[in-house]
Amino acid sequence: MPTGRKAKGTAPGKIILFGEHAVVYGRPAIAAPMSQVRATAIVQESNHPGIRLIAPDLKQDIMLHETDKNDPIAAVLEQVRLAANLERLPSLTVTVTSQIPIASGLGSGAAITAAVIRAVAQFMGLEALLPDQIVSDLTYEVEKLHHGTPSGIDNTVVSYERPIYFVRQQPQNRIEPFAVAQPLTFLVADTGMRSHTKIVVGDVRQQWEADPTMFEHLFAGCGRLAKEARAAIEQGDGPQIGALMVENHALLQQMTVSSPELDYLVDEALQAGALGAKLSGAGRGGNMIALVLPEMKTAVSNALHHAGAKSILTTTLPATQ
Ligand code: PMV
């Protein structure tokens, strides 16, 4: 049974504005948090021996020692244990909930991981694990177990919870917050098709191995767009940001990571007056994003709805001071 003491950790969803896939190959990318959809973990003291994992959304209530070796929360707890240099964690109840749709390119896995790390670290007084950079690094370790070769952008943006310009590089990733001159409103529309990051990223790798010249060319194009987009965001040039999104979507189509459903939502959003639109995340399903002026928001949202979007969320990047 859980008893009195408890701690809470949360982390937001995310969208990739520019540069997905190419970011895995060291090209710049831009991502932003979606703070209104969050993963939350609550850790409570337990007077029963062992660690109990509750995920009401998944109808899961299981003891840690009963989980299989791929259980994602078990993997997070193991990372925390290793990072804290502990032989074992104390008896706990960990309850995880999330408003972030899973397998849809919104970073739900990374957000759940970051939320659990924060809650457990808070609960156990592990101050050294609480800085955003450490939460991000530990989340990355867990992402590697699930995704093979994650770029590190998901764990970074959900841990820092701010828009970032990101370059995967050694010995340290380049993680740069940047200025947003004008608020930017994005509609985030779900195709309703699941997107499996590991499979899509693996497939892009196979294609890159088969035709490195063409794929390096596509990746370089995405990197150039991300750089230009950063400048456009810093200058508040909405039409330019939108045009760059359309170009980025075309490159993602050439990488074969779009889908008829994503293309249809992108086309309909543009027809209805969005400044730009593209898929976001791994692709082949999941979500697309459309940049809209406030006065076009309703028209584009209606168009996406009619085009079959299963859910439409709005997220705004506020202007920085
Ligand atoms: O996890 P998703 O579906 O949001 O996609 C992650 C973005 C990729 O660039 C495709 C992979 C990565 O690790 O950066």
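These remarks concern the structure in this document. (Residues numbered from 1 in each chain as written. Predicted model: local features only at pLDDT ≥ 70, side-chain atom pairs only at ≥ 80, totals over all residues. Heavy atoms only, no water.)

As a further point, take the overall build of the protein chain. Assigned secondary structure in the protein chain consists of nine helices and 11 strands. For a compact globule of 321 residues, the expected C-alpha radius of gyration is about 20 Å, and the protein chain comes in at 20 Å, within 12% of that figure. C-alpha extents for the protein chain along the principal axes are approximately 60 × 40 × 40 Å. Looking at the protein chain as a whole, 52% of its 321 residues are labelled buried. Put simply, of all contacts in the protein chain between residues at least 6 apart along the chain, 73% involve residues at least 24 apart. (Helix = DSSP H or I, 4+ residues; strand = E, 2+ residues; numbered from the N terminus. Rg over C-alpha atoms; globule rule 2.2 N^0.38 Å. Buried < 20%, exposed > 50% of the residue type's maximum accessible area, 1.4 Å probe, protein only. Contact = heavy atoms within 4.5 Å.)

What follows concerns the side chain of Asn 155. Along the chain, Asn 155 turns up in helix α4 (residues 153-160). Of note is the side chain of Asn 155, whose polar atom sits 3.0 Å from the side chain of Ser 136. (Polar contact = N/O pair within 3.5 Å; in protein donor to acceptor, adjacent residues only side chain to side chain.)

All right, on to the sheet that holds strand β10 (residues 287-292) then. The strand order β9-β10-β8-β11 describes an open sheet built from four strands, whose pairing is antiparallel. Every other strand in the sheet has two partners, leaving β9 (276-280) and β11 (311-317) as the edge strands with one partner each. Neighbour to neighbour, the strand axes of the sheet diverge by 25° on average, direction disregarded. Of the strand pairs in this sheet, β9 and β10 are connected by five bridges, and their pairing is antiparallel. (Pairing = 2+ DSSP bridges. Axes fitted to C-alpha atoms, helices over the stretch in contact; angles between N-to-C directions.)

Turning our eyes to something else, we now look at the packing of helix α1 (residues 72-83) against helix α2 (residues 108-124). Viewed as axis vectors pointing N to C, α1 and α2 meet at an angle of 45°, and their least axial separation amounts to 10 Å. When the axes of α1 and α2 are compared, the pair comes out oblique. At the point where α1 passes α2, the crossing takes the right-handed sense. On α2, the residues that touch Ile 73, Val 76, Leu 77 and Val 80 of α1 are Ile 112, Thr 113, Val 116, Ile 117 and Val 120. When the residues that make up the contact of α1 with α2 are grouped by side-chain class, the tally is eight nonpolar, one polar and no charged. (Parallel < 35°, antiparallel > 145°, perpendicular 65-115°, else oblique. Left-handed = near helix turned anticlockwise from the far one by under 90°. Nonpolar A, V, L, I, M, F, W, Y, C, P; charged D, E, K, R; others polar.)

The final tally for this structure, using the stated rule, is three aromatic pairs. Here Tyr 25 and Phe 219 contribute two aromatic rings whose centre-to-centre distance is 4.3 Å and whose plane-to-plane angle is 15°, an arrangement assigned as stacked. On the criterion of sequence distance, the pair formed by Tyr 25 in the loop between β1 (2-18) and β2 (29-46) and Phe 219 in helix α6 (residues 212-235) is long-range, its members being 194 residues apart. Assessed through its relative accessible area of 15%, Tyr 25 is described here as buried. Take Phe 219: its relative accessible area is 0%, and that puts it in the buried class. One aromatic cluster in this structure is built from Tyr 25, Trp 208, Phe 215 and Phe 219. (Phe/Tyr/Trp six-rings, centres within 6.5 Å; stacked < 30°, edge-to-face > 60°.)

This paragraph deals with the site of the ligand. Close to the ligand lie 15 residues; Lys 14, His 21, Ser 151, Thr 197 and Ala 282 are nearest. The contact in question runs from an oxygen atom of the ligand to an N or O atom on the side chain of Thr 197, over 3.0 Å. Within the backbone of Ala 282, a nitrogen or oxygen atom sits 3.1 Å from an oxygen atom of the ligand. Those elements that place two or more of their residues in the shell around the ligand are β1, α4 and α5 (197-210). Class assignment for the residues of the shell around the ligand results in seven nonpolar, five polar and three charged. (Near = heavy atom within 4 Å.)

Turning our attention to the pattern of salt bridges. Counted by the stated rule, this structure contains 15 salt bridges. Two residues, Glu 20 and Lys 278, come together in a salt bridge whose shortest N-O distance is 2.9 Å. You can see Glu 20 sitting in the loop between β1 and β2 and its partner Lys 278 sitting in strand β9, a full 258 residues away along the chain. Taking relative accessible area as the criterion, Lys 278 reaches 0% and is therefore assigned buried. (Salt bridge = Lys/Arg side-chain N within 4 Å of Asp/Glu carboxyl O.)

On to the side chain of Gln 79. For Gln 79, the position within the fold is in helix α1. Those residues within four positions of Gln 79 in sequence are excluded, and the remaining contacts are Leu 138, Glu 141 and Val 142.

Attention now goes to the environment of Gly 26. Its location among the elements puts Gly 26 in the loop between β1 and β2. On a C-alpha basis, the gap between Gly 26 and Gly 107 in space is 20 Å, while along the polypeptide they are 81 residues apart. Not counting residues up to four positions away in its chain, the partners in contact with Gly 26 are Val 167 and Arg 168.

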